[in-house]
Amino acid sequence: MRRLGGHELRIAGIIGTRGFAASVGGLAVYVVATIGCLVSSQVTKTYLGTIRENGLITVFDPSASAAAAPAVVAALYLAVVSSLSVARDRSSGTLEVLFYGPVNEVSYVLGKYVEQMLTCGVILGFYAIVIPLQSVLAGLGSSGRMWPTLLVALGGASAAVSLGILVSSGARSARSSVTVMAGLLTVLLLIQGANAILDGVDLATLPAALSYALPLISAAGRVGEYVSPFGYMAEGMNALARGDIARYATFLATSLAYSAVLLVLAVANIRRKGVKA
Amino acid sequence: MTCAGIGGRRTLMALIVLIFCSIVVGLSTCNAAVAPSGSSQGILTNNADIEGADGEVPVVAQEQLVYGLTLFDGRQYQWTFCPQDIKTAYVISDTRNAILVRRAKVYFWPITGEYVSDWEDATEMADLAELSMEVLAGSKLVATLRPQKYAMMYRSGYMGPATEILLDEAAQTEFDRYMIRLEEYGAAISRHYQAYMEYTKAISDFIDNPTAFDGKIPKEPAEPTPPEVCLSQVYEAFIVDLPEGSYRIRLKDGAGNVVPGSEKAVVAFSAIGRGIGYQIIPEDKWTCPSRSDDTSQNITALKDQVIYVKPYEEVSFNRHHYAKLTELHRPAGGRGMENQTLWTYVRPLGATDEMLSVEVVSGKDVAGTAVEKPYHVEQTSGSSLGYNIIEFSPETCPESSPDFTAFKIEMPQNPGRYRLQIVNASGQVLDDSTRELRIVQGTDSSWIQAAAFIPLFVGAFMVISRRRKCGMRPHVDS
């Protein structure tokens, strides 16, 4: 593969910052950040209720754990928006116009990635302010693990954005791209949720037919650890909870590698499919 | 719409229908396959019987070669068995496990989803002494085992767990000693019975004529204590002690032929991790303890709370393998647990000779220390519900033994972050015993949700100021 040129990075930067400026100029980003913060407030209240009821709770860190669910909200939004990006530009003819200029597949895909990651930065910035504030208001005190938790969210979001760009690069229309992405995210979340539920459920109480599906769910969960952005996020949170620095570093490296691979595939997809609608 | 678009949509629809059909077919197949293979021959259900007033569901058991497994689960020995339909057994690596071979009647009981064997009436293999068990790793012969004498040891009495297997001469010698101890105990019981008869007679005499005893009440004879360490009978079985790995076992008769139906796969698995876990008993909910199994489960508690902690030495295993180890006769056991980990408590800490204490530490200062004590739970009298947990004392408590023993921790007054850790007699903190202890106030404020709208306010401000800057005020067309 040829090396990344300086001008490609410069153009990617321009595409990214312009797209980012357009994103923060609209209300969507703030609405998503608000939804995320509402989710975290609900999680915080749940923890609070448990502590009041039982006198104690045994979790890794109530404040940092409250940031995990909003991180999924951010990743979902960014994945869907990313899945729109290339397909919409292609169907509207913007992609073709851009490619008459100095833009090529690499700079374009990188630009889209930069745009979404900057948007992610804004959402996580709000989380970094609001979630600790909610924690203090709830009397849970401050957490020293908020920044490492947000870094986990950033790694997961990076994987989600890359997946969105890859799906978008292969789709002919924005509608089909979003449909595929929404379906894919739903399946991945269902697998992850089913695995999480199975972890604590008494399997003897399950219907027999479902019990026969368990190995399938378990195997899908194992695959999901490698292909799902939420799998990477869960792995990062586990590493953080156990204070396992090597595992945490591995999570960061693998989520970046996952993003890089998907972006390379997206570039190849655009080359194969062309820029015309 | 283009032809390609229509074609794509049709393909997508076809794909969805295909997936849906696969799920339906798959689930119906699963339902049909709920009873394991062979069970259709093994179970006869008679509708007339079920409908009748004296309805019973007859089961037809098949006599087959069965492995009776006495397996170490990390804490004690448990018994399960491996019928013909189950092809793989699971053992913990580097532990002694006993495998008995019997011909027993086996049937599948669908109500509880498990195989049941008539082990009481199982017959020994006629030529057991001539049998040998081969253990193979791949095609390589690892060991050839002969039946060995063994006995189970119950260090805390018969009601306690079997924690050790004694082999060969040691098993026989210890068993003989145990029988002597039992005989001595029996003799002591007879003597005690005799002495007690004399005592009751003396008491009657005392009541009739106290002056004859110089006012001294006859003393009740002390009851002899039974042997604390108990042993099972000496049995004969194949003893396997395998390093981690996958193996095959099979039986060979005296002529060197493989016994039909004796071949099984054996997975010897090891512990994933070791650590110290806590059982945490809140004072106001002593029957609902929480667990903190590893260092990722820190404790967040309200200030002024009183908790009792019971630390345990623990081991983690693959949950699927562990479930198969403990309930191999239940085919659904462990299904879907392949990716999960399970912590199991091995033994309580603090019951050892070493003097341990639990410390609550803030920075470098020790905010509180607790040592292990026995406690008694006293129900409050009258119609009011509730109880008090008081320190156990044989003199003052009505019960002969405490309800639990634990380290009592009173939470610090000041909210903040502390450390909970176990310290030994020389002041060293035990590995994996540290948990973050976060003391909170826990105030349910409506501001928690209000704070969530900060991003929306910022966004609205940004959008409005941007529009003002660009001179693009929104207006409504009439």
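These numbers were taken from a predicted model, which means no experiment stands behind them.

A.B. asks: I'd like a rundown of the pairing of strand β1 (residues 62–72) of chain B, residues and numbers included.
C.D. replies: All names here are of chain B. Here β1 lies mainly inside the structure; nine of its eleven residues are buried. In terms of strand pairing, β1 meets strand β4 (residues 97–109) through nine bridges, oriented antiparallel. Looking at the pairing, Glu-63 lines up with Lys-105 of β4. Sheet topology places β1 next to strand β2 (residues 77–82); six bridges connect them, and they run antiparallel. Among the inter-strand pairings, Leu-69 is bridged to a residue of β2, identified as Thr-80. Between β1 and β2, which pair antiparallel one after the other, the connecting turn spans four residues, and Gly-74 there sits at a positive phi close to 100°.

A.B. asks: Quick rundown of the pattern of salt bridges? Include the residues and the values.
C.D. replies: All names here are of chain B. Enumeration over the complete set of coordinates arrives at 23 salt bridges over all chains. Residue Lys-373 is joined to Glu-391 by a salt bridge in which the shortest nitrogen-to-oxygen separation is 3.8 Å. Here Glu-391 lies in strand β22 (residues 387–391) and Lys-373 lies in strand β21 (residues 365–379), a separation of 18 residues in the sequence. Here Glu-436 and Arg-438 are joined by a salt bridge, their closest N and O atoms 3.8 Å apart.

A.B. asks: Now, about the interface of chain A and chain B: what can you tell me, with residues and values included?
C.D. replies: Tallying the contact residues gives 58 residues for chain A and 54 residues for chain B. Summed over both sides, the interface of chain A with chain B buries roughly 4,700 Å², with 56% coming from carbon and sulfur. The largest per-residue losses of area from chain A upon contact with chain B belong to A:Leu56, A:Thr58 and A:Tyr212, which jointly make up 14% of the total buried on that side. Among the ionic pairs, B:Arg438 bridges to A:Asp61, the shortest N-O distance being 3.0 Å. Viewed at the interface, chain B and chain A are joined by 17 residue pairs in polar contact (both at pLDDT 80 or more). Of all elements in the fold, only α1 (6–25), α2 (28–54), β1 (56–59), α3 (62–65), α6 (105–137), α8 (174–200) and α9 (208–227) of chain A reach the threshold of two or more residues within the side of chain A that touches chain B. Here the side of chain A that touches chain B is composed, by residue class, of 29 nonpolar, 20 polar and nine charged. Where β1(A) and strand β17 (residues 298–302) of chain B come together, four bridges link them in antiparallel fashion. Each residue of the ladder has a partner; that of A:Ile57, found in β17(B), is B:Thr300.

Conventions adopted
Residues numbered from 1 in each chain as written. Chains lettered and ligands numbered in written order. Predicted model: local features only at pLDDT ≥ 70, side-chain atom pairs only at ≥ 80, totals over all residues. Heavy atoms only, no water. Buried < 20%, exposed > 50% of the residue type's maximum accessible area, 1.4 Å probe, protein only. Helix = DSSP H or I, 4+ residues; strand = E, 2+ residues; numbered from the N terminus. Pairing = 2+ DSSP bridges. Salt bridge = Lys/Arg side-chain N within 4 Å of Asp/Glu carboxyl O. Contact = heavy atoms within 4.5 Å. Buried area = accessible area lost by both parts, 1.4 Å probe. Polar contact = N/O pair within 3.5 Å; in protein donor to acceptor, adjacent residues only side chain to side chain. Nonpolar A, V, L, I, M, F, W, Y, C, P; charged D, E, K, R; others polar.

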